[in-house]
Amino acid sequence: MKNIVSPFVFLLFFGIACQPEVNAPEPYGALPSERQLRWHEMEMYSLIHYTPTTFQNKEWGYGDADPAIFNPKKFDADQIANAAAAAGFKGLISVAKHHDGFCLWPTATTDYSVAASPWKDGKGDMVKEFMEASHKNSLDFGVYLSAWDRNDTRYGSPEYAEAYREQLTELMTQYGDLFTSWHDGANGGDGYYGGLKEERIIDRTTYYEWEEKTWPIVREHQPMAMIFSDIGPDMRWVGNEKGFAAETSWATFTPEGLDGQKPVPGVVNSDKLPEGTRNGEFWIPAECDVPHRPGWFYHPEQDDQVKSPDELFEIYLKSVGRGANMNLGLAPMPDGVLHPNDVASLEQFGEKIEKTFENNIAKNAIIIASNTRGDSKKFGVQNLLDEDRYSYWATDDDVHQAELEISINSDEYFDLIRLRENIKLGQRIDSIKIENWSDQRWQPLAQATSIGANRLVKLENPIQAKKLKITVYAPVAITLSDFALFKEEQTKQEDNRLNVDEKLRIDAEQIKITNPELYAEGVEAILNNPEQITWVNDKQELQPLVFELQEEKTLRGFSYLPRQDGEKEGIPTHYILEGSMDKNNWEILAEGEFSNIQNNPTLQHIEIASDKEVKYIRFTPKKGSDLIQKYSVTEIIFYKK
Ligand code: FUL
């Protein structure tokens, strides 16, 4: 009997074998490459700004820093990588060269590098140390190489563009497998340029020959490295430095240049970046870069402004939860390690993420679909719960709207709904609607657009639910790979932040604005502005702000906050701050740039070296070298010595 197959088993087997094979849906629109798929899986990584600019307490080095200042006493790449790993990050990017031009590795292309510094007697290689520390902490490694170089005297000439490509080749060939080659869009402008201290304007559409010569270097040596620039080719900038993608954010994108110009890094219609383009020509998802502190570089006066785990979680929801990736900027202190406040915040954030997503409340749910492709198990709803991003439930080709009824076998509360598409088949879903069965009827609970690689829908309050219904809309056969429910973990946050500056703040009551009638209405509010309402001076003439102190004082510094509504108009990039005892004879107390303020319009803190006592203070905003008449102020704070 042993070798005889029963006729029933035979028929069953034969029947299954003869069932027509149900084909997978045809892919839709632009598709991600293999390297983009790996990148989407990473979700979060970090970007380390640490150059002589750190030692100068600036956001953008001018290119004139003496390499002798670059001498960290306790540099520890492992401490930094370890903190990044504790946050749950999957990668670390070293800013190998920022706009100041100083190379963190001993390059053959310029003398302005670690080799000229006292750190490790000029024999160190910081990029290598970051790479080794990354690998030790199971992080992928990547590099940022600023195209703008405010030190190099060749900047603007074809020689510099060649040297830039040589630098890129060195980085692409000497530091193992890289997950990204990161190229920011800020380039061209004033700088030291070997001592000439002038303005160099380049034609961004042609100068770097990105497509013709520069990107091919990355492709040749690092085929899996994602190239970042504001327009791609592999991932795009999200258009702000807050870390937020738009509520609707498509991974597909058609880059648009400015004024009919060809789109190249630095010349792009940035209005389109947060949202992407539905049915865009290419798969170029957004990357949300945001500093952990207000600035990208370390400033001691920002020690109490490190983003809290809850703030980081909000960023996570609005970046990773909108199909983008999160790139958090970490800023080591001059001695070469992260401040304890930063380390604590990263660790608590990592715990919060882990605890929030470890328990999928829907894991034992029973799901009934209104349609399943070819009635085939291969495309069945069990694929929604298996934690595999690429297995999926699908509908027949002619079914473009379908419902999933989900019975939840749990009494646990949830406030996060996660949905994912199998993006190997493109970004197909237009939108979804979620309803909750309560009081004997279906009640609206949430809706979302642009699902893509990962979509997190946050409910205002945690709820319990017995039955949910998801309606999915797409222009083609629907595919969905993942459905899950979570509850945001409430972490107890230790407040170990410092608060040095506030004690030195000059009370708003002790300052008055002289001749307020010279300015647009509401100017007084800028001195004490708990509601953070922006004041815009729209008077026709340039009108510097003049303040009078109740008593003469020596100033330690001032802080300036520009408009916070996302508009760039009226945000000064430079300033002059003057002091006087009599309102006639003015002396400059500080003068310079608000580095990177257009992209990252946070509170700017400027230190004042002068020991002069002043009774009057005059603030003159400038844009580049021009004075501006229409300018915004949300807040101005003065600090005494
Ligand atoms: C920007 C730069 O100008 C900032 O300094 C910073 O490096 C940020 C990540 O990219 O474009």
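Every value quoted in this text rests on a predicted model; they were computed, and no experiment measured them.

## Brief notes about helix α6 (residues 158-174)
- Between its first and last C-alpha atoms α6 spans 25 Å; for 17 residues at 1.5 Å apiece the expected length is 24 Å, and the two agree.
- Looking only at α6, the buried set comprises Tyr160, Ala161, Ala163, Tyr164, Arg165, Gln167, Leu168, Glu170, Leu171 and Met172.
- At the C-terminal side of α6, Gly176 shows a positive phi close to 65°.

## Re the pairing of strand β2 (residues 91-97)
- Across the 7 residues of β2, 7 count as buried, placing the element largely inside the fold.
- In this structure, strand β1 (residues 44-48) lies alongside β2, joined through 3 bridges in parallel fashion. Across the sheet, Leu47 pairs through a bridge with Ile93, a residue of β2.
- Sheet topology note: the β2/strand β3 (residues 140-145) ladder contains 6 bridges and is parallel. Bridge pairing links Leu92 to Phe141 in β3.
- Crossover handedness for the path β2 to helix α5 (residues 126-136) to β3: right-handed.

## Points about the sheet that holds strand β16 (residues 414-420)
- Strand order in the open sheet formed by 3 strands is β19-β16-β22, and the pairing between neighbours is antiparallel. The outermost strands of the open sheet, each flanked by one partner alone, are β19 (455-463) and β22 (482-486). Mean inter-strand twist for the sheet, computed between neighbouring axes without regard to direction, equals 15°.
- As defined by bridge partners, β16 adjoins β19 across 5 bridges and the pair is classed as antiparallel. Bridging across to β19, Leu419 finds its partner in Arg455.

## A short note on the environment of Ser407
- Note on placement: Ser407 falls in strand β15 (residues 401-407).
- The partly exposed category is assigned to Ser407, whose relative accessible area is 27%.
- Taking C-alpha positions, Ser407 is 30 Å from Ala324, a pair spaced 83 residues apart along the chain.
- In contact with Ser407, other than residues within four places in its own chain, are Ala365, Ile366, Lys466 and Lys467.

## So, the domain arrangement of the protein
- Looking at the assigned domains, one finds that the protein contains domain 1 (34-245 + 286-355), domain 2 (366-486) and domain 3 (502-640).
- Its C-alpha centre places domain 2 at a distance of 52 Å from the equivalent point of domain 3.

## Some points on a negative patch on the surface
- A contiguous patch of negative charge, built from Glu347, Glu351, Glu354 and Glu358, is present on the exposed surface.
- Topologically, Glu358 is positioned in the loop between α9 (340-357) and β13 (366-369).

## Considerations on the packing of helix α4 (residues 77-86) against α9
- Their axes nearest at 7 Å, the elements α4 and α9 cross at an angle of 30°. With respect to α9, the axis of α4 lies roughly parallel. From α4, Gln79, Ala83, Ala84 and Ala86 reach across to α9, where they touch Val343, Leu346, Glu347 and Gly350.
- Taken together, the residues that form the contact of α4 with α9 break down as 5 nonpolar, 2 polar and 1 charged.

## Observations concerning the pattern of salt bridges
- As enumerated under the stated definition, the model contains 43 salt bridges in all.
- In this structure, Glu256 engages Lys272 in a salt bridge whose closest nitrogen and oxygen atoms are separated by 3.6 Å. Here Glu256, found in the loop between β9 (252-253) and β10 (282-283), pairs with Lys272, found in the loop between β9 and β10; they are 16 residues apart in sequence, far enough to count as distant.
- Exposure remark for Glu256: the relative accessible area of 33% places this residue in the partly exposed category.
- Taking the relative accessible area as the measure of exposure, Lys272 reaches 35% and is therefore partly exposed.

## Describing the sheet that holds strand β12 (residues 325-330)
- Within the open sheet, the 8 strands sit side by side as β7-β4-β3-β2-β1-β12-β11-β8. Their pairing is parallel. With partners counted over all chains shown, the strands left at the sheet margins are β7 (226-228) and β8 (236-237), one partner each.
- With 3 bridges joining them, strand β4 (residues 178-182) and β7 adopt parallel strand pairing. In the strand pairing of β7, Thr180 is matched with Met226.
- Against the sheet, α5 contacts β1, β2 and β3, and its axis sits at roughly 155° relative to β3.
- On top of the sheet, α6 reaches β2, β3 and β4; it is set at about 170° to β3, its chief contact.

What counts and what doesn't
Per chain, residues are indexed from 1 in the order of the written sequence. Selection of residues for local features in this predicted model requires a pLDDT of at least 70, selection of side-chain atom pairs for listing and counting requires 80 or more, and totals for whole chains, interfaces and linings are taken over all residues. Values shown for side chains rest on all heavy atoms present in the structure; no hydrogens or waters enter the calculation. The way it works is that DSSP assigns letters per residue, a run of H or I at least four long becomes a helix, a run of E at least two long becomes a strand, and they are numbered from the N terminus. Expected helix span is given by 1.5 Å per residue-to-residue step, counting one fewer step than there are residues. Only protein chains enter the accessibility calculation, which uses a 1.4 Å probe; a residue is then buried when its area is under 20% of its type maximum, exposed when over 50%, and partly exposed in between. Between any two strands, at least two bridges found by DSSP are needed for them to pair. Call a crossover right-handed when, viewed with both strands pointing away from you, the route from the first strand across the helix to the second goes clockwise. Every axis corresponds to a line fitted to the C-alpha atoms, with the helix fit spanning only the stretch in contact, and the corresponding angles, defined between N-to-C directions, vary from 0 to 180 degrees. Any two residues whose heavy atoms approach within 4.5 Å at even a single point are treated as in contact. How far each domain reaches was decided by an automatic or database domain assignment. Patch members must show over 30% relative accessible area and no salt bridge, and they are joined within 9 Å when carrying like charges or within 5 Å when they are nonpolar side chains of Val, Leu, Ile, Met, Phe, Trp or Tyr. Values of accessible area rely on a 1.4 Å probe in the Shrake-Rupley scheme; residue burial ignores everything except the protein chains shown. What makes a salt bridge here is a side-chain nitrogen of Lys or Arg within 4 Å of a carboxyl oxygen of Asp or Glu, nothing more. When charges are counted, Lys and Arg are positive and Asp and Glu negative, with His and the chain ends excluded. Every charge is mapped onto a representative atom, which is NZ of Lys, CZ of Arg, CG of Asp or CD of Glu. Orientation categories follow fixed angle ranges, with anything under 35 degrees roughly parallel, anything over 145 roughly antiparallel, 65 to 115 roughly perpendicular, and all other angles oblique. When residues are sorted by character, Ala, Val, Leu, Ile, Met, Phe, Trp, Tyr, Cys and Pro go into the nonpolar class, Asp, Glu, Lys and Arg into the charged class, and all the rest, Gly among them, into the polar class.

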